[in-house]
Protein chains: 4
Amino acid sequence: MILVLNENYEQKQFDNLISWLKSKDFELHVSKGLESTVVGLIGDTSSLDTDMMESLDIVKLVKRVSEPYKSANRKFHPLDTVVEVGDAKIGGGNFSIIAGPCSVESEQQLCSIAESVKKSGAGLLRGGAFKPRTSPYAFQGLRQKGIDLLMAAKEKTGLPIVTEIMDISHLPLFENVDVIQVGARNMQNFELLKELGHTDKPILLKRGLSSTIDELLMSAEYIMAGGNEKVILCERGIRTFEQKTRNTLDLSAIPLLKSLTHLPIIVDPSHATGIAKLVEPMSLAAAACGADGLIIEVHNDPPHALCDGQQSLTPEAFDDLANKVRAILPYAYK
Amino acid sequence: MILVLNENYEQKQFDNLISWLKSKDFELHVSKGLESTVVGLIGDTSSLDTDMMESLDIVKLVKRVSEPYKSANRKFHPLDTVVEVGDAKIGGGNFSIIAGPCSVESEQQLCSIAESVKKSGAGLLRGGAFKPRTSPYAFQGLRQKGIDLLMAAKEKTGLPIVTEIMDISHLPLFENVDVIQVGARNMQNFELLKELGHTDKPILLKRGLSSTIDELLMSAEYIMAGGNEKVILCERGIRTFEQKTRNTLDLSAIPLLKSLTHLPIIVDPSHATGIAKLVEPMSLAAAACGADGLIIEVHNDPPHALCDGQQSLTPEAFDDLANKVRAILPYAYK
Amino acid sequence: MILVLNENYEQKQFDNLISWLKSKDFELHVSKGLESTVVGLIGDTSSLDTDMMESLDIVKLVKRVSEPYKSANRKFHPLDTVVEVGDAKIGGGNFSIIAGPCSVESEQQLCSIAESVKKSGAGLLRGGAFKPRTSPYAFQGLRQKGIDLLMAAKEKTGLPIVTEIMDISHLPLFENVDVIQVGARNMQNFELLKELGHTDKPILLKRGLSSTIDELLMSAEYIMAGGNEKVILCERGIRTFEQKTRNTLDLSAIPLLKSLTHLPIIVDPSHATGIAKLVEPMSLAAAACGADGLIIEVHNDPPHALCDGQQSLTPEAFDDLANKVRAILPYAYK
Amino acid sequence: MILVLNENYEQKQFDNLISWLKSKDFELHVSKGLESTVVGLIGDTSSLDTDMMESLDIVKLVKRVSEPYKSANRKFHPLDTVVEVGDAKIGGGNFSIIAGPCSVESEQQLCSIAESVKKSGAGLLRGGAFKPRTSPYAFQGLRQKGIDLLMAAKEKTGLPIVTEIMDISHLPLFENVDVIQVGARNMQNFELLKELGHTDKPILLKRGLSSTIDELLMSAEYIMAGGNEKVILCERGIRTFEQKTRNTLDLSAIPLLKSLTHLPIIVDPSHATGIAKLVEPMSLAAAACGADGLIIEVHNDPPHALCDGQQSLTPEAFDDLANKVRAILPYAYK
């Protein structure tokens, strides 16, 4: 970490800063130029908050030289992490598709979709039991009953289950869930992340709506710092000024994340765009630039499915998409 | 709510839509023009999610005519809500200042600041016990011990206490806290909001970093739907491209919120700007455009305070600010 | 266009609105509901500005039903526009690569790159003569001399030339330029767009840094309204909160634009990301989701090229990229 | 400027960089740490582009220590610049209000408003002759005739005239205009800025919709580098995710700009919010935090004024606002 100090600082401020930094066991490298004084910190700066450092009176600018994440950092773990869930493998050159309905509605709906997406090659089944909704008056999901239905579908098809958690207190309900999803709005629910770090379940961590790549990696770090290294990152679109798509899918995050971290990264084109006809082209693009997988909404009766509608594909469209994705994979970025 | 349908829809889709809407007890008003068919819904559309409706194949555009929030809506509650906390009143023409350190560090620090800000006219004491930090390696606050210190300061000064909650499971620790703060990152932690709706504590709800005014009001609605109407809204800056300030304080939200809701609205210029010298001008601006109060960071020893630094005022600077704010209030927007 | 009126409007305001709209030859469809009055406008609403309509006292909400662009609208021109430039074809299933240095520096530099990218399959040569730079003290390009060097390279290689215009007054210098580029910062320089509408040159129109897809199409419409229908759209990244890439490449704009307009759309992965190692994966992703082409920076001596550096590929890396793009094209979205 | 180099760079790259920087006459200060090598540049770095430097292969991070603007920098010109226009003074503790209609429509309209706002204390008259409109089919302003009408109003009332230029080629028409406005969309029309730098007219430079404060100052620098130091900055709202206001007025930019530059800064609450009822509270807030003036839309017949409507005040409302602003000024931030 490099600190550029304000001009005309008081010697006492400088001495305070230096002695405080030394008390934290940093080795310091001070360089006084004509216009400015620069302090280089050598040591583990991951406990220092950039905002905090920048807010000190004497400090003009702060620049991190080394990344603040360690467990998630590829520099210290050059090999790809592969998360194994049942027969499915995510990461390390394996490409996995997670598919299923937005909300779990009934056993019949869920099992029918599960069997169909399994046949098309999906490796995991997704389905929402707890639904984060902007309005308290909107349907909040089947909750516990939704988890039960997911378990029934798992039993029937053998597909591992991915579903979203919304609060620590629900954790006991997730005992037989295979992959616990953390939604975009909870990406910085730090107490939840800490708790999930103490489980041994794979965690599917979605990027927040206006979060940066560094913030996503720091949230992964929260989970990993607790001992759970099975984190799957998910790019699902960020908030921009564009109104025609629900969010803007940030695909350059994929190859960038692959260089920064050893964790697998999958893409959610359904939520990112909110438009069914964009799911196929964006799935192909995600595969082309090196994603480790996709998470896609599939519904067997779109006209009646009121939680997802246009962002859901029919099982037929999903089958077509899965074939096209498999065809493009040999030509994808590696 | 008005739905504009896609051209060339199938009659079956249309029939499905109409019968589904009728089953929800909406009165419908269908108008077929040359270019498009428009369906007007009359009834309580608050349970309908705009995104969900827009994602239906047959629907081209959705426009809400009435606001999706009811309890928070000034239309149904024309009179200002006044939240009373001890001797302090927030809203309804009363102007309150909440002041204190970013993090609770020690009894001596906290009590010294508390006495000083009380003398300067602050009506409530703030201080962080649980700290949401981007990095798991950064100081996470004194937690339970911090709450204890806040209680000690309350006993000494009589000032009501405002402090942030980060998880439902910590609620028992907040039994004697006077105002529970929900931080920007938890504004859409819906399970937490629901739970707080079942308490009878005043809730200070901070706007999320990239949340809209409607989303803020919907989060207030989550709390109010549970029966707790003592919600204080807080504008604390939104994320923009500007890098020179930590966030961008959206002051036009103040008069706008005053017209949309009866709830009190206060402003946090310390976190919004992240720069101590901007706290005074932005406090004056907030007062001038009609805010119901301020929440301000004050520290008695800035050079050593490492969680807030430049965004914190000294007690002397705070005293000066409080005097200037009181002087401008008679000329403020009403 | 649909107008939702404010509740409790005055009859006189309503009469004024209606008579004004009738004077503009709109057919009106008024529907008074319990809660709100809705006015539907039938006719050509492209001359109405949504912001202006929304700012009328009596109007609560405005929603466009039909798109405000006509010449660029696929609805009225279902077939793809193909822009032919020399031997190159852009659009209509043809995939073209435009390549070259960021800035023109010397004849030797330019011709060497031109010959090399031609060999690798580029169909057009790009190079900046006029450079829009944030600082007035930074190198502003070789200007007229840069255009001369581009002409020399065209003569040698036969490659058509693409270069950026910054002001109407420079137009005479562009007489022999094959494709005139409008940069992101000039996307809403409406006087320049109008003037280009009166030329018969193909125009490469880059999306503005914080512009929406609708705004991009309206800027294309400015050119087309003047009679010049040879417009090539270019997605080159939008400004977001992500700091690790220069901008965020919005690839979902590609299939979306293909559905809204008949104009060809190409992608600039070099400027969008600002990082050389991301150019290949994003080129593959752009091809995979249906782009009509790429515009890529290539430099023969990166360590000395100080205007582009890391976002530039070497000719060898470009050759490799071009091969991989050609390999993926048969599997791309159609 | 400080450069942090990538680990494991090649010696040849390093030598190239150093010799190139030395050829530019920078004094260098190289410091090799354990983890990274840091190069400090001493000298005038204003000609170096940060993006360009960051894009070099060998460079990991770039941080400017000194501001890239010189003429606009308060550090080198500690005293406030006061722009005098006729009897009006802008800056240096003088508070000026510019008022008038959005678009010039007729002599009768303009003169009536001009006389009325003059009586209320406005020091300058604004009115649009050239109108930047998103759609080529929308009314583009009266253009030359609009300028003529502004001259007639100036003759009648003695008020200096402020109006927007959209292209260099229109400059001759602005010969008798007192203040030339550069609109938000042209803030980075660098060729226009350069040309205006060669005039001796005061320039009202509006901040771009998604521009940072540094970018605004660099655009001012373009004008000043040409010799014209009479630049008035204008904060007019930036694009954010908030949909309820047209833009988000960034008032913290006011005290921040006052510390960075000696140029006067005024605020446009009409365009920033797009809502008439927000103009008064935001005007009071702007005055309270230290703005040097306001630019406000006033219309004598809002129901018929179709270019501005709700964002325009009536002359009576403007008179009331002007009185309230004068009353709050003695209590404003200094």
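Along each chain, residue indices are assigned from 1 in the same order as the chain's sequence is written. Chain labels run from A onward and ligand labels from 1 onward, assigned in the order the entries are written. Local features in this predicted model are restricted to residues of pLDDT 70 or higher, and side-chain atom pairs are both shown and tallied only at a pLDDT of 80 or more, whereas totals for entire chains, interfaces and linings draw on every residue. Only hydrogens and water are set aside when side-chain values are computed; all heavy atoms of the structure are taken into account.

Structural notes on the nonpolar core
- Nonpolar cores are built from buried Ala, Val, Leu, Ile, Met, Phe, Trp, Tyr and Cys residues. Side-chain atoms within 4.5 Å join them into one set. Burial classes follow relative accessibility: with a 1.4 Å probe on protein chains only, a residue under 20% of its type's maximum area counts as buried, one over 50% as exposed, and anything between as partly exposed. Membership of the largest hydrophobic core comes to 310 residues, with the highest contact counts inside it found for A:L251, B:L251, C:L251 and D:L251.
- Contact between two residues is taken to exist if any of their heavy atoms lie within 4.5 Å; hydrogens are not considered. Sequence-distant contacts of A:L251, defined by excluding residues within four places in its chain, comprise A:V267, A:M282, A:A285, A:A286, A:C289, C:L251 and C:M282.
- With 20 residues, the next largest nonpolar core counts D:F14, D:F26, D:L41 and D:L56 among its residues.

Focus on helix α6 (residues 213-225) of chain B
Residues and elements named next belong to chain B.
- Each helix is a run of H or I in the DSSP string that is no shorter than four residues. Each strand is a run of E no shorter than two, and both are numbered from the N terminus. Multiply 1.5 Å by the residue count of a helix minus one, and that product is the helix's expected span. In this model, α6 (13 residues) spans 18 Å end to end at C-alpha, consistent with the 18 Å of a helix rising 1.5 Å per residue.
- With eleven of 13 residues buried, α6 is to be regarded as a mostly interior element.
- Buried within α6 we find I213, E215, L216, L217, M218, S219, A220, E221, Y222, I223 and M224.
- For α6, the secondary structure elements touched by its buried residues are α5 (190-196), β11 (203-206), β12 (231-235) and α7 (253-260).

Quick word on the side chain of A:T245
- With respect to the element layout, A:T245 can be found in the loop between β12 (231-235) and α7 (253-260).
- What qualifies as a polar contact is a pair of N or O atoms within 3.5 Å, subject to a donor-acceptor requirement within protein and to the restriction that residues adjacent in sequence count only when both atoms come from side chains. A polar contact of 3.0 Å, which involves the side chain of A:T245, links it to the backbone oxygen of A:N247.
- Ignoring any residue separated from it by four or fewer positions in sequence, one finds A:T245 in contact with A:T273, A:I275, A:L278, C:S252 and C:L256.

Brief notes about the relation of the copies chain B and chain C
- Superposition of the copies was done by least squares, using only C-alpha atoms of residues whose pLDDT is at least 70 in both. Relative to chain C, chain B is turned by 180 degrees and slid 0.0 Å along the rotation axis, the superposed coordinates differing by an RMSD of 0.0 Å. What we have between these two chains is a two-fold relation. The position closest to the rotation axis in chain B is occupied by the C-alpha of B:F241, lying 3.2 Å away.
- Both copies share a contact surface, since 96% of the interface residues of chain B are interface residues in chain C too.

With respect to the domain arrangement of chain A
- You can read the domains of chain A as domain 1 (2-63) and domain 2 (83-328).
- One C-alpha centre belongs to domain 1 of chain A, the other to domain 2 of chain A; they are set 42 Å apart. Segmentation into domains, and thus their bounds, comes from an automatic or database assignment.

Things to note about the packing of helix α3 (residues 107-119) of chain B against helix α4 (residues 144-157) of chain B
All names here are of chain B.
- Where α3 meets α4, the closest approach of the two axes is 9 Å, and the angle between their N-to-C directions is 40 degrees. One element, α3, and the other, α4, form an angle in the oblique class. With respect to the hand of their crossing, α3 and α4 are arranged in right-handed fashion. The residues of α4 that touch α3, namely those facing E107, L110, C111, A114, E115 and K118, are L149, L150, A152, A153, K156 and T157.
- Put simply, Ala, Val, Leu, Ile, Met, Phe, Trp, Tyr, Cys and Pro go in the nonpolar bin, Asp, Glu, Lys and Arg in the charged bin, and everything else, Gly too, in the polar bin. Taken together, the residues of the contact of α3 with α4 sort by class into seven nonpolar, one polar and four charged. Only C-alpha atoms enter the line fits that serve as axes; for helices the fit covers just the stretch in contact. Angles between N-to-C directions range over 0 to 180 degrees. For classification purposes, an angle smaller than 35 degrees is called roughly parallel, one larger than 145 roughly antiparallel, one from 65 to 115 roughly perpendicular, and anything else oblique. Note on convention: the crossing is left-handed when the near helix lies turned anticlockwise from the far helix by less than a right angle, right-handed when the turn is clockwise.

Points about unusual backbone geometry
Residues and elements named next belong to chain C.
- Despite not being glycine, D25 shows a phi value in the positive range, around 75 degrees.
- Looking at where D25 falls in the secondary structure, it is placed in the loop between α1 (11-23) and β2 (27-32).
- A relative accessible area of 68% means that D25 is categorised as exposed.
- Residues other than glycine seldom take positive phi values, yet R143 does so here, at roughly 55 degrees.
- Considering the arrangement of structural elements, one finds R143 in the loop between β8 (124-126) and α4 (144-157).
- When its relative accessible area of 23% is taken as the criterion, R143 is described as partly exposed.

Notes on the pairing of strand β1 (residues 2-5) of chain A
Residues and elements named next belong to chain A.
- Taking every second residue as pointing to the same face, both faces of β1 are buried, with I2 and V4 on one and L3 and L5 on the other.
- Bridge analysis of β1 against strand β4 (residues 59-63) gives four bridges, and the strand direction is antiparallel. When the sheet's bridge partners are listed, V4 is paired in β4 with L61.
- Strand pairing follows a simple DSSP-based rule, namely that at least 2 bridges must link the two strands. Pairing of β1 with strand β3 (residues 37-42) involves three bridges; the strand directions are antiparallel. Across the sheet, residue L3 finds its bridge partner in β3, namely V39.

Comments concerning the interface of chain C and chain D
- Every contact between the two is made by 56 residues of chain C and, on the other side, 56 residues of chain D.
- We define buried area as the total accessible area lost by two parts upon association, computed with a 1.4 Å probe and summed across both. Here chain C and chain D share an interface that buries about 4900 Å² over both sides, 52% of which is from carbon and sulfur atoms.
- Across the pair D:R143 and C:E191 runs a salt bridge whose closest N-O atoms are separated by 2.9 Å.
- Here chain C and chain D share 19 residue pairs in polar contact (both at pLDDT 80 or more) between them.
- In terms of residues, the side of chain C that touches chain D owes the most to one element, helix α6 (residues 213-225) of chain C, which gives five residues.
- Class assignment of the residues belonging to the side of chain C that touches chain D gives a composition of 20 nonpolar, 20 polar and 16 charged. The salt bridge criterion pairs a side-chain nitrogen of Lys or Arg with a carboxyl oxygen of Asp or Glu, the two atoms within 4 Å.

Quick look at the sheet that holds strand β2 (residues 27-32) of chain D
All names here are of chain D.
- The antiparallel open sheet is built from four strands, whose spatial order is β2-β3-β1-β4. Looking at the sheet topology across the chains shown, the edges are occupied by β2 and β4 (59-63). Here the strands of the sheet are splayed against their neighbours by 20 degrees on average, with no regard to which way each runs.
- The strands touched by helix α1 (residues 11-23) within the sheet are β1 (2-5), β2 and β3 (37-42), with β2 carrying the most contacts at an inclination of about 155 degrees.

Section: the packing of aromatic side chains
Residue and element names in this part refer to chain B.
- For this analysis, a ring pair means two rings from Phe, Tyr or Trp (six-membered ring only for Trp) whose centres lie within 6.5 Å, classed as stacked if their planes differ by under 30 degrees, edge-to-face if by over 60, and tilted for the remaining angles. If you walk through the whole model with that rule in mind, you get 18 aromatic pairs over all chains.
- An angle of 25 degrees between the planes, with centres 4.7 Å apart, marks the rings of F190 and Y222 as stacked. On the criterion of sequence distance, the pair formed by F190 in helix α5 and Y222 in helix α6 is long-range, its members being 32 residues apart.
- Residue class for F190 comes out buried when judged on its relative accessible area of 2%.
- What makes Y222 buried here is its relative accessible area of 2%.

So, the packing of helix α6 (residues 213-225) of chain D against helix α7 (residues 253-260) of chain D
Residues and elements named next belong to chain D.
- Where α6 meets α7, the axes come as close as 11 Å, and the angle between the chain directions of the two elements is 50 degrees. Comparing their axes, α7 and α6 come out oblique. Between α6 and α7 lies a crossing whose hand is right-handed. Here I213, L216 and L217 of α6 lie close against α7, whose contacting residues are A253, L256, L257 and L260.
- The class makeup of the residues in the contact of α6 with α7 is seven nonpolar, no polar and no charged.

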